Amino acid sequence: MMTVHEVSKLSGVSIRALHHYDRIGLFHPARVTEAGYRLYDDGDLERLQCILLFKELQFPLKEIKEILDSSNFDRNKALDQQITLLEMKKEHLENLIDLARGIKMTGIKNLSFEAFDTKKLDEYARQAKASWGQTPEYREFEVKSKGRTAEENNRISVGMMEIFKEFGSMRETEPAGQAAQEQVKKLQDYITEHFYTCSEKILFSLGRMYAGGGSMTENIDKAGGEGTAEFAYRAIAVYCAD
């Protein structure tokens, strides 16, 4: 058994935070002595690890408690997500280190800011959160998608790509133009109808994901032509700024 001071020293979590976790029902000690001292066992420490994993995935404490207390909590799934997130953070830090070293070694101005871009990392964290079904959007998606056949899901996916194909046809125009802005509204309504209520905040987050690289960007550019994902994001940014 370990005292709260020992757990704090081992985990790096402050005693004050551990007391707060106890008060909100997130992390209880296995025992409390007659003198009021908290004592933690190995099972408690495993739960603390899970809490810290979800904090790395940017979950609020309230949602972490709901997940850990649910009957379908899968620790291996949480670990897989944490490993992926840490690998992405590692890549991000390595890119920053390379940029700094390059500037120091060459003494040449480098005005590229790509190394500071965290869109993919942020979007992965958002998707990981949604996968646990605790967000209202994910619960709404589950309701709307329940009972759909594979054919229906495919039709919806094709419809989504058709919208991006239309974005591609106007990518030489201004993102703030009427046509592009009407297309953004069409995209927003489509998402709301088939997936979940697409607020402007969510839409902007999706826009960043579309242009953030990876398979999503590749699929959109394949549907509408190279640069479609970036154009869609710029149009969405204007739409959400109004």
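Further up the page is the structure itself.
Every residue gets a number counted from 1 within its own chain, in the order that chain's sequence is written. Restriction of local features to residues with pLDDT of at least 70 applies here, the model being predicted, together with a cutoff of 80 or more for giving and counting side-chain atom pairs; totals for whole chains, interfaces and linings are based on all residues. Only heavy atoms go into the side-chain values, all of them from the structure, while hydrogens and water stay out.

Q: Give a description of helix α9 (residues 178-194) that names residues and reports values.
A: Strands are runs of DSSP state E lasting at least 2 residues, helices are runs of H or I lasting at least 4, and numbering of each runs from the N terminus. In this analysis, the expected span of each helix is defined as 1.5 Å times one less than the number of residues it contains. The terminal C-alpha atoms of α9, which comprises 17 residues, lie 24 Å apart, in line with the 24 Å expected from a rise of 1.5 Å per residue. The rule is simple: take the accessible area with a 1.4 Å probe, protein chains only, and divide by the maximum for that residue type; under 20% is buried, over 50% is exposed, in between is partly exposed. Listed in full, the buried residues belonging to α9 are Ala 180, Gln 181, Gln 183, Val 184, Leu 187, Gln 188, Tyr 190, Ile 191 and His 194.

Q: Give a detailed account of the environment of Leu 79, specifying residues and quantitative values.
A: One can find Leu 79 in helix α5 (residues 75-106). Placed 19 residues apart in sequence, Leu 79 and Pro 60 show a C-alpha to C-alpha distance of 18 Å.

Q: Explain helix α2 (residues 15-23) to me, and be specific about the residues and the numbers.
A: For α2, the full list of buried residues reads Leu 18, Tyr 21 and Asp 22. Buried positions in α2, seen along its axis, are confined to an arc of 100° and lie on one side of it. Turned more than 90 degrees away from the buried face of α2 sit Arg 16 and Arg 23, all of them exposed. Throughout, a residue-residue contact means that at least one pair of heavy atoms, one from each residue, lies within 4.5 Å. Tucked into the core, α2 has its buried residues touching α1 (4-11), β3 (38-40), α3 (42-56) and α4 (61-69). One or two positions beyond α2, positive phi appears at Gly 25, with a value near 80°. This arc describes the spread of directions from the helix axis toward the C-beta atoms.

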